[in-house]
Amino acid sequence: MHYSIFTDTDWLYPDSPHNGNQDIQLTLPLGGHAGAQILGDIPERPSRLAFTWSQDAEKAGLTVSLFRLLPVGVNENTDSELMTTTDYERCKSFVTRKAPFDVYDALCPLEDGSLENGSSNNNPLENDSLNNGSSGQRLVLYLRIDASIDAVPGNYSGELCLYEDNRETKIPLTCKISPVLVPPVSSSALGMLNFFDYDGLANQHHVAKNSEEYWALFSHYVKAQIQMRCTHILLPPGEAIFENGKLIDFDFSMAERAGQIARQEGARFLCGGHIAHWHEWDEQEYYPNWDQTLGITTTDGYLQLRLYLTKWNEIVTKNHWQEYMSQALADEPQTHNDATYRILAGIFRKFMPGIPIIDAVETTNLGGGIDIWVPKQDTYEKWRDEYEKLQAAGETMWFYTCAFPAGPIMNRSMDLPLTASRAVFWMGALYRLSGFLHWGFNYYIGDDIWHSACCPHKGALLPAGDAHIVYPGKNGPLRSMRFEAQCAGAEDYELLVQAARIAPDKTERLIRSVCTSFRDYTRDGTILTEMKNNLISLLESEVTPNA
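Conventions we followed
- Residues numbered from 1 in each chain as written.
- Predicted model: local features only at pLDDT ≥ 70, side-chain atom pairs only at ≥ 80, totals over all residues.
- Heavy atoms only, no water.
- 1 Å grid on protein atoms, 1.4 Å probe; cavity = no way out; pocket = protein on both sides within 12 Å on 5 of 7 lines; lining within 4 Å.
- Points joined across faces, edges and corners; volume = space filled by probe spheres on them.
- Helix = DSSP H or I, 4+ residues; strand = E, 2+ residues; numbered from the N terminus.
- Nonpolar A, V, L, I, M, F, W, Y, C, P; charged D, E, K, R; others polar.
- Buried < 20%, exposed > 50% of the residue type's maximum accessible area, 1.4 Å probe, protein only.
- Lys, Arg positive; Asp, Glu negative; His and termini not counted.
- Salt bridge = Lys/Arg side-chain N within 4 Å of Asp/Glu carboxyl O.
- Contact = heavy atoms within 4.5 Å.
- Pairing = 2+ DSSP bridges.
- Axes fitted to C-alpha atoms, helices over the stretch in contact; angles between N-to-C directions.
- Parallel < 35°, antiparallel > 145°, perpendicular 65-115°, else oblique.
- Arc of directions from axis to C-beta.
- Core = buried A, V, L, I, M, F, W, Y, C linked by side-chain atoms within 4.5 Å.
- Expected span 1.5 Å × (residues − 1).
- Left-handed = near helix turned anticlockwise from the far one by under 90°.

Moving on to empty space enclosed by the protein. With the rule as written, the count across this model stands at five cavities of 30 Å³ or more. Counted as a void, the largest cavity has a volume near 50 Å³. Lining of the largest cavity is provided by T401, N411, R412, A420, S421, V424, F425, F436 and Q486. In terms of residues, the lining of the largest cavity owes the most to one element, helix α8 (residues 419-430), which gives four residues. Class assignment for the residues of the lining of the largest cavity results in four nonpolar, four polar and one charged.

Let's shift gears to the side chain of E494. With respect to the secondary-structure elements, E494 resides in helix α9 (residues 481-502). One buried charged residue, E494, forms no salt bridge at all, with the nearest opposite charge on R229 at 4.0 Å. Ignoring anything within four residues of it in the chain, the contact list for E494 reads V182, P183, S188, A189, L190 and R229.

Below, the discussion takes up the sheet that holds strand β5 (residues 62-74). Reading across from one edge, β1-β3-β10-β5-β8 is the order of the five strands in this open sheet, with antiparallel pairing throughout. The open sheet terminates on both sides in strands that have one partner only, identified here as β1 (4-7) and β8 (101-109). Between one strand axis and the next, the sheet turns through 30° on average, direction left out of account. Bridge count for β5 against β8 is eight bridges, and the pairing is antiparallel. Paired with F67 across the bridge in β8 is P109.

Moving on, we come to the pattern of salt bridges. Overall, the coordinates contain 22 salt bridges when judged by the stated rule. Of the charged contacts, one joins E362 and K376 as a salt bridge, the two residues approaching to 3.2 Å between their closest N and O atoms. Taken together, the positions of E362 in the loop between β21 (358-361) and β22 (372-375) and K376 in the loop between β22 and α6 (377-382) put the pair 14 residues apart, joining distant regions of the chain. Look at K376 and you get buried, because its relative accessible area is 5%. Salt bridges here are not isolated pairs; linked through shared partners, they connect R144, D146, R479 and E484.

Moving on, we get to unusual backbone geometry. Residue A99 is joined to P100 through a cis peptide bond whose omega torsion reads 5°. You can see P100 is positioned in the loop between β7 (84-85) and β8. Here the residue pair F404 and P405 is connected by a cis peptide bond, since its omega of 0° sits within 30 degrees of zero. Of note in this structure, D165 is not a glycine but carries a positive phi near 50°. Here D165 shows up in the loop between β11 (154-164) and β12 (167-181). Judged by its relative accessible area of 51%, D165 falls in the exposed class. With a phi close to 75°, N210 is a non-glycine residue in the positive phi region. Topologically, N210 is positioned in the loop between α1 (198-205) and α2 (212-227).

Turning our eyes to something else, we now look at the packing of α9 against helix α10 (residues 504-514). At their nearest, the axes of α9 and α10 sit 6 Å apart, and the two run at 140° to each other. Classified by the interaxial angle, the pair formed by α9 and α10 is oblique. Along its contact with α9, which presents L496, A499, A500 and I502, the element α10 presents P504, T507 and I511. Residue classes in the contact of α9 with α10 are distributed as six nonpolar, one polar and no charged.

Turning to helix α7 (residues 384-392), a few remarks are in order. For α7, the set of buried residues is Y387, L390 and Q391. Around the axis of α7, the buried residues are gathered within 100° of arc, so they sit on the same side. Summarising the geometry of α7, the exposed residues directed more than 90 degrees from the buried face are D385, K389 and A392. Looking at the buried positions of α7, the neighbouring elements they touch are β21, β22, α6 and β23 (396-397). A positive backbone phi angle near 105° is found at G394, which sits one or two residues after α7.

The subject of this paragraph is the pairing of β22. Residues I372 and V374 of β22 are buried on one face, and the alternating residues W373 and P375, pointing to the opposite face, are buried as well. Alignment of β21 against β22, held across four bridges, turns out to be parallel. Across the sheet, residue A360 finds its bridge partner in β22, namely V374.

Next up on the list: the nonpolar core. Ranked by internal contacts, the top residues of the largest apolar core, which has 156 residues, are F218, W312, M414, W426, F441 and F518. Among the elements that make up this core, the one with the highest residue count is α9 (nine residues). When residues no more than four places from it in sequence are discounted, the contact partners of M414 are W11, V72, V74, T96, F101, V103, D105, A453, A464, G465, Y471 and R482. Formed by 32 residues, the second largest nonpolar core is a distinct cluster that contains I24, L28, L30 and W53.

Right, let's get into the sheet that holds β23. Taken together, the three strands give an open sheet; going across it, the order is β21-β22-β23, and neighbouring strands pair in parallel fashion. Since the sheet does not close on itself, it has two edges, and those belong to β21 and β23, each with one partner. Strand direction decides the pairing type here: β22 and β23, joined by two bridges, are parallel. What sits directly across from I372, in β23, is T396.

The terminal C-alpha atoms of α8 lie 16 Å apart, and with twelve residues this matches the ideal 16 Å at 1.5 Å per residue to within 8%. Where burial is concerned, most of α8 is hidden: twelve out of the twelve residues are buried. Considered for burial, the residues of α8 that qualify are T419, A420, S421, R422, A423, V424, F425, W426, M427, G428, A429 and L430. Following α8 by one or two positions, R432 adopts a phi angle in the positive range, close to 60°.

A separate point is the packing of α8 against α10. What describes two packed helices is the angle between their axes and the distance between those same axes. Where α8 meets α10, the axes come as close as 10 Å, and the angle between the chain directions of the two elements is 145°. Crossing geometry of α8 relative to α10 is assigned as left-handed. Taking contact as the criterion, the partners of A423, W426, A429 and L430 in α8 are, on α10, E508, L510, I511, R512 and V514. Per-class residue counts for the contact of α8 with α10 are seven nonpolar, no polar and two charged.

Below you can see the structure in the form of structure tokens.
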């Protein structure tokens with residue numbers, strides 16, 4: 001089989017040319033991972049893959065995972081200002097190519113190593129076999145190596161073999177395991193939260209909501225979030241119970257079950273679901289999610305919040321979650337309603353004292369009303385002086401990305417360079433931001449995300465992939481290349497924080513060779529991979545291993 005090796009930081013397409021690279025060469029830290037993409041042709045005969053190490057790598061703490069990459073259709077391009085566009089002139093300076101196009105993003109595990117040709121339907125939920133889909137005669141594989149935190153540092157080699165009847169293709173691999181350490185999520189420096197679509201999960205997998213099958217699937221999604229180094233798992237809010245049109249109680253059974261499963265799966269923190277929101281971004285009032293006609297500053301609004309928070313506090317206390325809990329109150333407070341947000345925060349603190357408040361914010365005027373600030377990446381840069389003043393005083397500062405602003409700014413859109421999904425964490429390290437949030441982990445909106453990755457939202461389309469970083473598989477979520485990039489970026493962040501403590505000037509120069517702002521970053525995956533390897537070398541030269 002004719003093949004080429006590509007980094008895990010560059011996109012591959014059905015028409016990608018071969019590059020001449022024939023060897024897989026990886027460097028990874030303890031507790032981290034590295035991967036490579038393999039571009040080849042669809043085998044004509046039944047075939048299988050097998051990887052073998054030259055050494056006893058399993059005892060050394062190394063794990064190899066193999067995936068078949070599936071193409072996903074990008075139906076519109078990211079616009080230069082907001083959402084998407086079909087006008088290529090508006091975006092050609094920063095997107096990877098003109099939509100519509102297919103890009104290899106979804107990862108389907110090859111647990112038994114078999115490769116089969118199937119139907120033209122490339123939805124893994126509906127097709128048992130791996131298939132061509134819209135990929136023509138291209139075979140794209142992803143190989144990932146993980147090193148445990150107690151792996152044995154050193155140089156390892158192996159071969160990935162593709163067997164086609166009596167023919168075989170051998171792809172050589174060399175792997176350096178560095179003694180520098182990426183700490184486990186349980187002690188990571190970076191916090192991370194990705195919102196979860198509880199209502200959509202049942203539709204996405206055709207199961208009954210709140211059934212045992214539903215919760216088994218949810219467990220797999222929690223595992224995936226933790227594997228992506230999420231520290232916080234968002235819980236669903238309580239559900240209002242009305243009798244004759246009057247609010248009488250709240251049901252937190254879904255939130256309680258989700259929290260229990262998340263903790264059992266090893267979630268470090270939980271986050272209570274949002275309680276209220278504004279109607280328009282420039283108005284002052286907030287309204288409870290269960291009654292959008294009732295302002296929270298009214299007497300009845302306060303009494304309903306009192307009932308909600310009293311019941312929720314009982315659940316948190318009963319499950320002994322106090323030290324693991326945080327709470328989202330109202331997404332994206334603006335300058336017009338930040339004073340009302342403080343009122344909402346004051347009500348919350350009365351009934352759930354000691355629980356930190358976390359929210360995406362669009363203002364700097366929330367002092368005392370929030371514990372974990374999460375400004376959007378461009379919001380942080382716009383008011384950087386004010387946010388740095390808050391950071392210097394000891395306030396916890398995260399950041400987030402979403403569909404706005406669009407354009408070339410770092411986000412995980414599928415028509416932006418794949419480097420943007422990873423380098424965004426390098427910018428977080430440069431600005432000393434201690435956490436990352438994105439709203440769309442699994443919001444599979446629309447009829448066919450496999451061919452239309454731009455999901456509908458309020459009469460427009462979200463940039464491709466903004467609503468989801470995983471895909472619905474038969475038994476849970478399928479990862480994406482953007483998932484892998486985000487995970488790798490989070491690992492990079494941990495190493496950058498370590499390096500910044502001992503060699504701040506050298507570390508800053510490394511970061512600035514990758515990115516200088518959220519809008520200015522390398523589009524070349526080989527540069528990002530090289531700088532990551534230089535980061536590992538820097539740590540090896542500056543510190544005692546595992547110190």
